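# An overview of the molecular structure
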Amino acid sequence: MSDAPEFSRPFDIRGITAEPATLEANEAERAALASRFGLISIGKLAATLSLEADGDEIAANGTLSAAFVQSCAVSGDDLPMTIEDEVTLRFVPMATLEAAEEDEEIELEEDELDEIGYSGTSFDLGEAVAQSLALAIDPYATGPEADDARRRHGMVEEGEADGPLADMLRGLKGA
């Protein structure tokens, strides 16, 4: 079994230009990622990212676009989903990350949350995009048949959806 990521797009820090990087997963890569993330299928995975080097740190900013089918968390029905998400990543030398790791608990600042370590002179932008997709997927997404499935499987007692509070909530939804 190979440890190579399904959607690998290595970038050399010495070759970064002002031109945005455009990545798009092919059919085999999408199928492998769907399996990895527990999805039924991925019909589209693409990203356009601007890369900017600041010494040996690289900022990647842009947009992730994906279309996939996942199972409804309740009914198991196919649930088509789309994501258009802003992505902000920062690639830093692995030595920088390792130097910051100690046995004491630390609190990360917002700009440190999406730091990804790299070794040598290249980083894998494709794997970073794949991980960004994984984080954007709602693992508890439900479809239009979820309430019926809950009732069929005894997950909701009859009458729970009735009463003054339920009437008030239905009124708010209708407004």
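Now for a look at the structure at hand. (Residues numbered from 1 in each chain as written. Predicted model: local features only at pLDDT ≥ 70, side-chain atom pairs only at ≥ 80, totals over all residues. Heavy atoms only, no water.)

Time to look at the nonpolar core. Counting 30 residues, the largest nonpolar core has Ile-42, Leu-45, Phe-68, Phe-91, Leu-125 and Leu-133 as its most contacted members. Secondary structure elements with two or more residues in this core: β2 (21-24), α1 (27-37), β3 (41-54), β4 (57-71), β5 (78-93) and α3 (125-136). (Core = buried A, V, L, I, M, F, W, Y, C linked by side-chain atoms within 4.5 Å. Buried < 20%, exposed > 50% of the residue type's maximum accessible area, 1.4 Å probe, protein only. Helix = DSSP H or I, 4+ residues; strand = E, 2+ residues; numbered from the N terminus.)

It is at 11 Å that the axes of α1 and α3 come closest, and there the two elements cross at 45 degrees. The orientation of α1 with respect to α3, classified from their angle, is oblique. In this structure, α1 meets α3 at a crossing whose hand is right-handed. Within the contact between the two elements, α1 uses Leu-33, Arg-36 and Phe-37 and α3 uses Glu-127, Ala-130, Gln-131, Leu-133 and Ala-134. For the contact of α1 with α3, the per-class residue count stands at five nonpolar, one polar and two charged. (Axes fitted to C-alpha atoms, helices over the stretch in contact; angles between N-to-C directions. Parallel < 35°, antiparallel > 145°, perpendicular 65-115°, else oblique. Left-handed = near helix turned anticlockwise from the far one by under 90°. Contact = heavy atoms within 4.5 Å. Nonpolar A, V, L, I, M, F, W, Y, C, P; charged D, E, K, R; others polar.)

This paragraph deals with the sheet that holds β2. Reading across from one edge, β2-β3-β4-β5-β6 is the order of the five strands in this open sheet, with mixed pairing throughout. Because the sheet does not close on itself, it has two edges, and the strands there are β2 and β6 (115-118). Along the sheet, successive strands turn relative to each other by an average axial angle of 25 degrees, direction set aside. Where β3 and β4 come together, 13 bridges link them in antiparallel fashion. (Pairing = 2+ DSSP bridges.)

For the rest of this paragraph, the subject is α3. The terminal C-alpha atoms of α3, which comprises twelve residues, lie 17 Å apart, in line with the 16 Å expected from a rise of 1.5 Å per residue. Buried within α3 are the following residues: Leu-125, Gly-126, Glu-127, Ala-128, Val-129, Ala-130, Ser-132 and Leu-133. For α3, the capping residue at the N-terminal end is Asp-124, with a side-chain oxygen 3.1 Å from the backbone nitrogen of Gly-126. (Expected span 1.5 Å × (residues − 1). Polar contact = N/O pair within 3.5 Å; in protein donor to acceptor, adjacent residues only side chain to side chain.)

A volume near 200 Å³ is recorded for the second largest pocket. If you go around the second largest pocket, the residues you meet are Asp-85, Glu-86, Val-87, Thr-88, Leu-89, Asp-114, Ile-116, Ala-128, Gln-131, Ser-132, Leu-135 and Ala-136. For the lining of the second largest pocket, the secondary structure elements donating two or more residues are β5 and α3. (1 Å grid on protein atoms, 1.4 Å probe; cavity = no way out; pocket = protein on both sides within 12 Å on 5 of 7 lines; lining within 4 Å. Points joined across faces, edges and corners; volume = space filled by probe spheres on them.)

The next subject is the pattern of salt bridges. Tallied over the full model, the rule gives six salt bridges. A salt bridge links Asp-12 to Arg-14, with the nearest nitrogen and oxygen atoms 2.6 Å apart. Taking the relative accessible area as the measure of exposure, Asp-12 reaches 28% and is therefore partly exposed. Across the pair Glu-127 and Arg-36 runs a salt bridge whose closest N-O atoms are separated by 2.7 Å. Of this pair, Glu-127 sits in helix α3 while Arg-36 sits in helix α1; the two residues are 91 residues apart in sequence, bridging distant segments of the chain. What makes Glu-127 buried here is its relative accessible area of 12%. (Salt bridge = Lys/Arg side-chain N within 4 Å of Asp/Glu carboxyl O.)

Under the defined criterion, the tally for this structure stands at three aromatic pairs. Measuring from centroid to centroid gives 6.2 Å for Phe-11 and Phe-123, while their planes differ by 20 degrees, and the two rings are stacked. Within this pair, whereas Phe-11 is found in strand β1 (residues 10-12), its partner Phe-123 is found in strand β7 (residues 122-124), the two being separated by 112 residues in sequence. Assessed through its relative accessible area of 24%, Phe-11 is described here as partly exposed. Among the aromatic side chains, those forming a connected cluster through ring pairs are Phe-11, Phe-91, Tyr-118 and Phe-123. (Phe/Tyr/Trp six-rings, centres within 6.5 Å; stacked < 30°, edge-to-face > 60°.)

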